[in-house]
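Overview (structure and organization)
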Amino acid sequence: MFIHGKHGNAIYELVQSLGLRRLLLDWSGEENGEDVAESMVGGRALSGRRMKQVDRFCDEIEEELGDDEDRVTRLGVTREQAARMPLSAYFDFLAARPELLPGASDLSTWMNVPWLVRYVGAAVIGTEYAAPLDDMSLLHYDDDEENRGGDHLIEPPSYDAVLRHLAEGSRIVLNNVVASVRVQQAREDETQAKVLVTGSAGEFLCNAVVCTVPLSVLKSDSISFSPPLSRNKRAAMEGLGIALLNKIVLEFDRPFWDTEVAYFENMNERSGLMFPAAVNLQWYLHSAPKRKKKLRDVPAVLLFFVGGESARELELLSDEEAVERCLHAVEDMFFGAGSRKNMPHVKQSLVTRWGQEAHSLGSYSYIRIGSDGGVYDAMAIPEADGRVRFAGEATFRQHPSTVHGAYLSGLREAAAVVDMLSK
């Protein structure tokens, strides 16, 4: 279970109420203020001095990325011009002029600084927003109100415990692929219109419908609406893109990395842009404070996030080809290029393909060029006089692209339906 920031996070509060709070840990590689992350180059961790140089350089870019005025000022354009530019323009500019950033001259003696600029884009944007830089809005890509607050957390059990808790006492019909949502006019003996939902398991006549399918499924037109979705709704759908974040999980015979390190950054030019980092799951299950399992009982597992264009490229490969590509990253990080023979055997692997999952068709939303955060508000506007409503991460401006945003949007719409039907 991944919890996207704990400050004001409804899912974090729900997990606490279920008694799981004691298991929550900062996933980013910090525990009790101590950094337990390392940057790997050529099979070795960077020295403390070089690590500080890299951190200073990358932190400067990240800080500037977080302020739209800084981004606009850096490129020397107006806000109107920036609204029509892709986020990739920012990284193109810095990659061509890295000397504008502090510490670049020292780094250039041993690091390809333009590549490092690209790496920040892959590591920060690629795994956080999981969207192609050339389709994201330079001005408004982070135009949520308060999305990413506090430490990101990993809870070792899945979301299953939370879902079971929320589903208690509810009637849930599974294996019913919805094909159409049709609003029917009220009959003479009725005071309110009805909504007929037709799916593979039959028909359901409802007083109101809350559509929670992913934005990507909604955009695919696999569900027909009558009356059709409004022009404003269609425009809002077009203003948002579909991000893609996949994972590759590799289990080895034994660990060959420092099990006291939680997070390894891949700063090798051959593989770092596609596989920016590896998460050491052993750290969370064994080495981290409050863990009770013995190391010998914990599988030797590395988890790689692959986002944006890299994720789409990966989905064109077979599982075997994807794992082989990922093993290049493992080789670069822990052994050095050309030293594969020293790598322990891969016992098993898992490759996700959310872009090919028929009921997902991607991961979550992002703001496209020419749009701003207002598209999230437009996505939340109901249709058919309030009978057809919309929930999900793409309808919640304060916390888009997150589970807690989707959860809060569901509470919002449930309350609205109750209010509408009680009148």
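Residues numbered from 1 in each chain as written. Predicted model: local features only at pLDDT ≥ 70, side-chain atom pairs only at ≥ 80, totals over all residues. Heavy atoms only, no water.

**A few points about the pattern of salt bridges**
Oppositely charged side chains may form a pair once their charged atoms are brought near each other. In total, this model carries 20 salt bridges according to the counting rule given. Salt-bridge contacts for Arg79 lead to Glu69; the nearest nitrogen and oxygen are separated by 2.7 Å. One end of the pair, Arg79, is in helix α4 (residues 79-82); the other, Glu69, is in helix α3 (residues 68-75), and ten residues separate them in sequence. For Glu69, a relative accessible area of 39% puts it in the partly exposed group. Notably, a salt bridge pairs Asp377 with Arg397, separated by 2.8 Å at the nearest N-O pair. Linking Asp377 in helix α14 (residues 374-380) with Arg397 in the loop between β20 (388-390) and α15 (403-421), this pair joins segments that are 20 residues apart in sequence. Residue classification places Asp377 among the partly exposed positions, given a relative accessible area of 38%. (Salt bridge = Lys/Arg side-chain N within 4 Å of Asp/Glu carboxyl O. Helix = DSSP H or I, 4+ residues; strand = E, 2+ residues; numbered from the N terminus. Buried < 20%, exposed > 50% of the residue type's maximum accessible area, 1.4 Å probe, protein only.)

**Some points on the confidence of the model for the protein**
As a note on interpretation, predicted positions should not be read in detail where pLDDT is low. Averaged over all residues, the pLDDT of the protein equals 88, while 88% of them reach at least 70. Looking across the protein, the model is least confident in strand β3 (residues 30-31), with a mean pLDDT of 48, and most confident in β20, with 98. Below pLDDT 50 for its whole length, residues 29-33 participates in 13 contacts with residues either more than four positions away or in separate chains. (pLDDT = per-residue confidence, 0-100. Contact = heavy atoms within 4.5 Å.)

**Remarks on the pairing of strand β8 (residues 178-184)**
In this structure, β8 lies alongside strand β9 (residues 194-199), joined through six bridges in antiparallel fashion. In the sheet register, Ser180 faces β9, and the bridge partner there is Thr198. Taken together, the three bridges between β8 and strand β12 (residues 224-226) define a ladder with parallel strand orientation. Within the sheet, the bridge partner assigned to Ser180 lies in β12 and is Ser224. (Pairing = 2+ DSSP bridges.)

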